[in-house]
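The residues making up each chain are set out below.
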Amino acid sequence: MTATGGDGPGSRPGSPRAADRLRRPTREELAAAAERTIPDVIGPGLTVLFVGINPGLWSAATGWHFARPGNRFWPALHRGGFTPRQLHPSEQDALPGYGLGITNMVARASARADELTAAELVEGARILTAKVCRHRPAWVAVVGVTAYRIGFGRPRATFGPQPELLGDARLWVLPNPSGLNAHFTAETLGAAFGELRAATAAPA
């Protein structure tokens, strides 16, 4: 995985240049990215492990989570108080320095999340559970309520804290930050992330 560029934790020589960050994958590169997987940003002792639905084609083409322009994950992370400034997707390796990580319910990339099958989400939930038991984050935040409902068999789940644990981790469901999710604005997404941030800072 590429290192971070700039002044955040984890920056080191060889980080992506600004020009590399701004380069858009070509149509051919995006088409070739279908079905690819990208590495997790994960490690032991995280405060929050964020769980996307699956990588989009932009993410698969670049190797960066939530990379598509218009995806509001990185602005919401900052607005919610998790990072001191808005990180670029290429700076994802800085996240463990803030106690944060990213994985996905389903590893394979697709143009749209609705291309995934229910069976894939259920299997993804099983794999995620094993991953959480191995890395032991304090919180797991699934970014997308529909994927959570299907994968974990919780058809009535709503946003916010969940009553069950995942391994020893507390569970939270956040809205999908995709630009296609018109039910949430940048401000309301930031507020939703901020509620999780406040919960993680509260005494146990």
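Being a predicted model, the structure only gives us computed values, none of them experimental.

Reading the values: rules and limits
Residues numbered from 1 in each chain as written. Predicted model: local features only at pLDDT ≥ 70, side-chain atom pairs only at ≥ 80, totals over all residues. Heavy atoms only, no water. Core = buried A, V, L, I, M, F, W, Y, C linked by side-chain atoms within 4.5 Å. Buried < 20%, exposed > 50% of the residue type's maximum accessible area, 1.4 Å probe, protein only. Helix = DSSP H or I, 4+ residues; strand = E, 2+ residues; numbered from the N terminus. Contact = heavy atoms within 4.5 Å. Pairing = 2+ DSSP bridges. Axes fitted to C-alpha atoms, helices over the stretch in contact; angles between N-to-C directions. Phe/Tyr/Trp six-rings, centres within 6.5 Å; stacked < 30°, edge-to-face > 60°. Expected span 1.5 Å × (residues − 1).

A. Quick peek at the nonpolar core. Ranked by size, the top nonpolar core spans 25 residues in total, and within it Phe50, Leu77, Leu174 and Leu196 carry the most contacts. Elements that contribute at least two residues to this core include exactly strand S1 (48-52), helix H4 (73-79), strand S2 (100-104), strand S3 (139-143), strand S5 (169-174) and helix H7 (186-201). Considering each element in turn, this core owes the most residues, five residues, to H7. The residues touching Leu77, leaving out its near neighbours within four places in the chain, are Phe50, Phe82, Thr83, Leu95, Leu100 and Phe193. Grouped together as the second largest cluster of nonpolar side chains are 22 residues, Leu128, Ala147, Tyr148 and Leu166 included.

B. The arrangement of the pairing of S2 in detail. Burial within S2 is extensive, with five of its five residues counted as buried. In this sheet, S2 lies alongside S1 in parallel orientation, the contact comprising five bridges. Bridging from a neighbouring strand, Val48 pairs with Leu100 of S2.

C. How the structure looks around the sheet that holds S3. Taken in spatial order, the five strands of this open sheet run S2-S1-S3-S5-S4, and their pairing is mixed. Where the open sheet ends on each side, the last strands, each with one partner, are S2 and strand S4 (160-166). Direction aside, the axes of adjacent strands within the sheet are offset by 25° on average. As defined by bridge partners, S3 adjoins S5 across five bridges and the pair is classed as parallel. Pairing of Val143 across the sheet is with Leu174, part of S5.

D. Summary view of the packing of aromatic side chains. A full pass over the atoms with the stated rule returns nine aromatic pairs. Relative to Phe193, the ring of Phe50 lies with its centre 5.9 Å away and its plane at 15°, an arrangement referred to as stacked. Placement of Phe50 in strand S1 and of Phe193 in helix H7 is noted, with a sequence separation of 143 residues between them. In this structure Phe193 comes out as buried when scored by relative accessible area, which is 0%. Between the aromatic rings of Tyr148 and Phe152, the centroid separation amounts to 5.1 Å while the plane-to-plane angle is 35°, which identifies the pairing as tilted. Placement of the pair is Tyr148 and Phe152 together in helix H6 (residues 145-152), with a separation of four residues, close to one helical turn. As far as the burial class goes, Tyr148 and Phe152 line up, both buried. Members of the aromatic cluster, each reached through a chain of ring pairs, are Phe50, Phe66, Phe73, Trp74, Phe82 and Phe193.

E. Here's a closer look at the environment of Pro39. Tracing the backbone through its elements, the reader meets Pro39 in the loop between helix H2 (27-32) and S1. You can call Pro39 partly exposed: its relative accessible area is 45%. On a C-alpha basis, the gap between Pro39 and Ala60 in space is 9.7 Å, while along the polypeptide they are 21 residues apart.

F. Broad picture of the environment of Asp168. Examined against the element boundaries, Asp168 turns out to sit in the loop between S4 and S5. Spatially, the C-alpha atoms of Asp168 and Ala138 are 7.4 Å apart, while their sequence positions differ by 30 residues.

G. Highlighting H7. Look at H7: 22 Å from first C-alpha to last across 16 residues, which is about the 22 Å you get at 1.5 Å a residue. Here the buried face of H7 lies against S1, H4, S3 and S5.

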